[in-house]
Amino acid sequence: MSSGLIVRRPGLLCSVQDSGRIGYQSLGIASSGALDLRSLAIANILVGNSDGEAGLEACLVGPELEIEVGNVLAIAGADMEPKRNGEAVPQYAAFAVEPGDVLAFGAAVSGCRAYIAFAGGLDLPIVMGSRSTNLKCGLGGLEGRALKAGDSIGFRVPLAPLDPDPRRRDSREDFSAPLAALRVVAGPQDEYFTQHGIEAFYGAEYRLTERSDRMGCVLEGPVVEARGKTDIVSDGIPLGAIQITSGGRPIVMLADRQTTGGYAKIATVISADIPLLAQRRPGEKVAFKKVSIEAARRAALNDIAQRAALRRKLELRL
Amino acid sequence: MPKAAFRPAGDRAIVASFGDEISEELNVAVMALDRSLAENPIEGVIETVPTYRSLLVYYDPAKLRNRSLARELDRRSRLVPTGAARVGRTIEIPVRYGGAYGEDLGDVALHCGLSEAEVIERHSGREYRIYMLGFLPGFAYLGNMDLSLATPRMGTPRQAIPAGSVGIGGEQTGIYPLVSPGGWRIIGRTPLRLYDPRREEPIPYRPGDFIRFRSVGDDEFEAIKARVDSESNEGASP
């Protein structure tokens, strides 16, 4: 495998992620994939890749990368003030890098996770249908682990040569709001909770604790009162499920979650709002707003339509 | 036939729940619905997660609506005949019981008032239904252990239980497919590599299959282990 870039420092937690590993949850293997699929998709579209192509996901503090082979890149998601050879590079826009360039990210000033897409994608093996890193299982990505200093990753050749045209850009998503209102669909086990508990859940603001990671966000705030125990006979845990622990605390389950679990789930964050949660940092706040399943579906379709529109716009202009 | 209730699990999944208990009857119904989706796929269904008593069905909201999917799942769950024919495979798992590979075998025997040989005979002398996989890749939740073998979990879990370890935790038995912390009593180990992401089938069994443990001696354990190691080296990339 030829080298496209060398990791000089990995940052806090940088891993290879694509749109996820489909079809293995029944065996107990999490789907993984980018926590903020929208930002990954935007970065990919800007460099002419398919939405779910593998890129790098950097968390809180980004990496420093030395470029060995020229390519076109795009960065979306959290603002980590990326610099090429000390000069700021545009975000939410395609730009070219040359051999010898050093691309350095700092700490996130807004948002939590930045996505770096490379035209053509990364030259890493597909394991069980995906290049996503599953850190718990040591699967996919680069040897199943987070990046570390000295790692080298090759680029794949883009299907068509790409111009780093400055018009290949999209508007920034703003993650700096003090409170993110996350839309949820009630259930599947909301009947385990008292009216009082449900009102507390929808009326309160919750804070992300330090124990928030790719598996899930552990929240701090008013206890959600249950009718009895919150233990259930294990069933599947969907993306965005909000489990209530026996202590009454909500945990929102994300891409590296356990596939099954035994806590009652009061509600599920809608897929269009998972990126907002993925971009919250420990200490930041969220609140929950109940919507109908139809409204959730419209939000998901709207998301898909916006990405298709961005792709069309770039194709027409260039 | 148990009747399913359908609840939304966000905008990309629906859960068909057949009840809230651990029973073979419920699990048979779950597996029958899961099999129906495998044999006659619904356009837009992405994947499923069968558990003790429910089936989580992931779908693409651009292709399916929650209500129409629930209706179709309901129709299918009613079609499944009672006492559906057993279709799961039986997977034989060779186990070296006791000794260095099963250091809690003596404690389990003592707790149950049995000899070590009796524990081995009762543990290996039956088929276990795989109700579900979860917790770790390939961690199988097995049903119908001989209750005379029930032994409480360790007071303090071990930090690292070796891959392939076979354990008893309360009234349950199972295998650790990966090195993992855990509190179950370890009574033996299989030389098989249960989890290998490079294999066509990364886990050699699925929910709904059956497992039968077969007691093997040191020589056979080593022979199987040598074969497993050489096969996996052949598959390794240079």
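Residues numbered from 1 in each chain as written. Chains lettered and ligands numbered in written order. Predicted model: local features only at pLDDT ≥ 70, side-chain atom pairs only at ≥ 80, totals over all residues. Heavy atoms only, no water.

A. Representation of the overall build of chain A in the model. Helix and strand content of chain A: 4 helices and 21 strands. Compactness check: chain A gives a C-alpha radius of gyration of 20 Å against a globular reference of 20 Å for 318 residues, within 12% of the reference. Oriented by its inertia axes, the alpha-carbon framework of chain A measures out at about 60 × 40 × 30 Å. Within chain A, buried positions represent 60% of all 318 residues. When contacts within chain A are restricted to residue pairs at least 6 apart in sequence, long-range pairs at least 24 apart make up 76% of them. Averaging the coordinates of the 37 positive side-chain charges in chain A and doing the same for the 37 negative ones gives two points 3 Å apart. (Helix = DSSP H or I, 4+ residues; strand = E, 2+ residues; numbered from the N terminus. Rg over C-alpha atoms; globule rule 2.2 N^0.38 Å. Buried < 20%, exposed > 50% of the residue type's maximum accessible area, 1.4 Å probe, protein only. Contact = heavy atoms within 4.5 Å. Lys, Arg positive; Asp, Glu negative; His and termini not counted. Charge placed at Lys NZ, Arg CZ, Asp CG, Glu CD.)

B. Fine view of the pairing of strand β1 (residues 5-8) of chain B. With burial as the criterion, only one face of β1(B) is covered, namely that bearing Phe6(B) and Pro8(B); the residues Ala5(B) and Arg7(B) on the opposite face remain uncovered. From the end of β1(B) to the start of strand β2 (residues 13-17) of chain B, which pair antiparallel, there are 4 residues, and Gly10(B) there has a positive phi angle of about 85°. (Pairing = 2+ DSSP bridges.)

C. Representation of the pattern of salt bridges in the model. Residues and elements named next belong to chain A. Using the criterion set out here, one finds 39 salt bridges over all chains in the structure. The partner of glutamate 66 in a salt bridge is arginine 8, with the nearest N and O atoms 3.1 Å apart. Within this pair, whereas glutamate 66 is found in strand β4 (residues 64-67), its partner arginine 8 is found in strand β1 (residues 5-9), the two being separated by 58 residues in sequence. Assessed through its relative accessible area of 23%, glutamate 66 is described here as partly exposed. When its relative accessible area of 42% is taken as the criterion, arginine 8 is described as partly exposed. (Salt bridge = Lys/Arg side-chain N within 4 Å of Asp/Glu carboxyl O.)

D. Broad picture of the packing of aromatic side chains. Residues and elements named next belong to chain B. Per the counting criterion, the structure on display carries 14 aromatic pairs over all chains. Taking 4.3 Å as the distance between ring centres and 25° as the angle between the ring planes, the aromatic pair formed by tyrosine 101 and phenylalanine 221 counts as stacked. Residue tyrosine 101 is found in the loop between β5 (90-97) and α3 (105-112), and its partner phenylalanine 221 is found in helix α5 (residues 218-235); the two are separated by 120 residues along the sequence. In terms of burial, tyrosine 101 and phenylalanine 221 fall into one category: buried. An aromatic cluster is built from Tyr52, Tyr131, Phe135, Phe139, Tyr141, Tyr176 and Trp184, whose rings are joined through pairwise contacts. (Phe/Tyr/Trp six-rings, centres within 6.5 Å; stacked < 30°, edge-to-face > 60°.)

E. Expanded view of the packing of α3(B) against helix α4 (residues 116-124) of chain B. Residue and element names in this part refer to chain B. Where α3 contacts α4, the axes come no closer than 9 Å and their chain directions differ by 90°. With respect to each other, α3 and α4 are oriented roughly perpendicular. Facing α3, whose interface residues are Leu105, Gly106, Val108 and Ala109, α4 presents Glu116, Val119 and Ile120. Considering only residue class, the contact of α3 with α4 consists of 5 nonpolar, 1 polar and 1 charged. (Axes fitted to C-alpha atoms, helices over the stretch in contact; angles between N-to-C directions. Parallel < 35°, antiparallel > 145°, perpendicular 65-115°, else oblique. Nonpolar A, V, L, I, M, F, W, Y, C, P; charged D, E, K, R; others polar.)

F. Just the sheet that holds strand β5 (residues 71-79) of chain A, in detail. Residue and element names in this part refer to chain A. The strand order across the open sheet formed by 5 strands is β2-β3-β10-β5-β8, and the pairing between neighbours is antiparallel. Since the sheet does not close on itself, it has two edges, and those belong to β2 (13-17) and β8 (94-97), each with one partner. Direction aside, the axes of adjacent strands within the sheet are offset by 30° on average. Direction of pairing for β5 relative to strand β10 (residues 110-118): antiparallel, over a ladder of 6 bridges. Paired with alanine 76 across the bridge in β10 is tyrosine 115. Where helix α1 (residues 37-46) meets the sheet, it contacts β2, β3 (55-59), β5, β8 and β10, and its direction lies at approximately 155° from that of β5.

G. Local environment of the interface of chain B and chain A. Counting from both sides, the interface comprises 42 residues of chain B and, opposite them, 44 residues of chain A. Both faces combined, the contact of chain B with chain A buries some 3200 Å², and carbon together with sulfur accounts for 59% of it. Broken down residue by residue, the surface that chain B buries against chain A is led by Arg7(B), Asp11(B) and Glu47(B), which jointly contribute 17%. Counting across the chain B and chain A interface gives 3 salt bridges. (Buried area = accessible area lost by both parts, 1.4 Å probe.)

H. Structural detail: the packing of α1(A) against helix α4 (residues 293-317) of chain A. Residue and element names in this part refer to chain A. As a packed pair, α1 and α4 sit with axes 10 Å apart at the nearest point and diverge in direction by 15°. The angle between the axes of α1 and α4 places the two elements in the roughly parallel class. In this structure, α1 crosses over α4, and the sense of that crossing is right-handed. From α1, Arg38, Ala41, Ile42, Ile45 and Leu46 reach across to α4, where they touch Asp303, Arg307, Leu310, Arg311 and Leu314. When grouped by side-chain class, the residues that make up the contact of α1 with α4 number 6 nonpolar, no polar and 4 charged. (Left-handed = near helix turned anticlockwise from the far one by under 90°.)

I. Representation of the sheet that holds strand β11 (residues 122-123) of chain A in the model. Residues and elements named next belong to chain A. The 7 strands lie next to each other as β7-β6-β9-β4-β1-β12-β11, forming an open sheet whose pairing is antiparallel. Looking at which strands have only one partner, the edges of the open sheet turn out to be β7 (87-88) and β11. Relative to strand β9 (residues 102-104), β4 runs antiparallel, the two sharing 3 bridges. Residue pairing for β9: leucine 65 is matched across the bridge by leucine 103.

J. Here's a closer look at the environment of Tyr115(A). All names here are of chain A. Positionally, tyrosine 115 belongs in strand β10. Take tyrosine 115: its relative accessible area is 1%, and that puts it in the buried class. On a C-alpha basis, the gap between tyrosine 115 and valine 61 in space is 12 Å, while along the polypeptide they are 54 residues apart. Each residue touching tyrosine 115, except ones within four places of it in the same chain, is listed here: Ala34, Leu35, Asp36, Ser39, Leu40, Ala43, Leu56, Glu57, Ala74, Ile75, Ala76 and Gln279. A polar contact is formed between the side chain of tyrosine 115 and the backbone nitrogen of leucine 35, at a distance of 3.3 Å. (Polar contact = N/O pair within 3.5 Å; in protein donor to acceptor, adjacent residues only side chain to side chain.)

K. Spatial organisation of α4(B). Residues and elements named next belong to chain B. Of all the residues in α4, the buried ones are Val119, Ile120, His123 and Ser124. The arc that holds every buried residue of α4, seen down its axis, measures 110°, which confines them to one face. Turned more than 90 degrees off the buried face of α4, the exposed positions are Ala117 and Glu121. (Arc of directions from axis to C-beta.)

L. Molecular detail of the nonpolar core. In terms of nonpolar packing, the biggest core is built from 47 residues, with Ile93(B), Tyr205(B), Ile211(B) and Phe213(B) touching the most fellow members. Apart from residues no more than four positions distant in its own chain, Phe213(B) is found in contact with Ile93(B), Val95(B), Tyr97(B), His123(B), Ser124(B), Tyr128(B), Leu142(B), Val166(B) and Ile175(B). Grouped together as the second largest cluster of nonpolar side chains are 33 residues, Ala34(A), Ala180(A), Val184(A) and Val269(A) included. (Core = buried A, V, L, I, M, F, W, Y, C linked by side-chain atoms within 4.5 Å.)

M. Here's a closer look at the state of the cysteines. All names here are of chain A. A full pass over the atoms with the stated rule returns 0 disulfides over all chains. Cysteine 14 takes part in no disulfide bond, and the closest cysteine sulfur, belonging to cysteine 59, lies 9.7 Å away. Cysteine 112 provides the cysteine sulfur closest to cysteine 217, a residue in no disulfide bond, and the two sulfurs are 8.1 Å apart. (Disulfide = S-S within 2.5 Å.)

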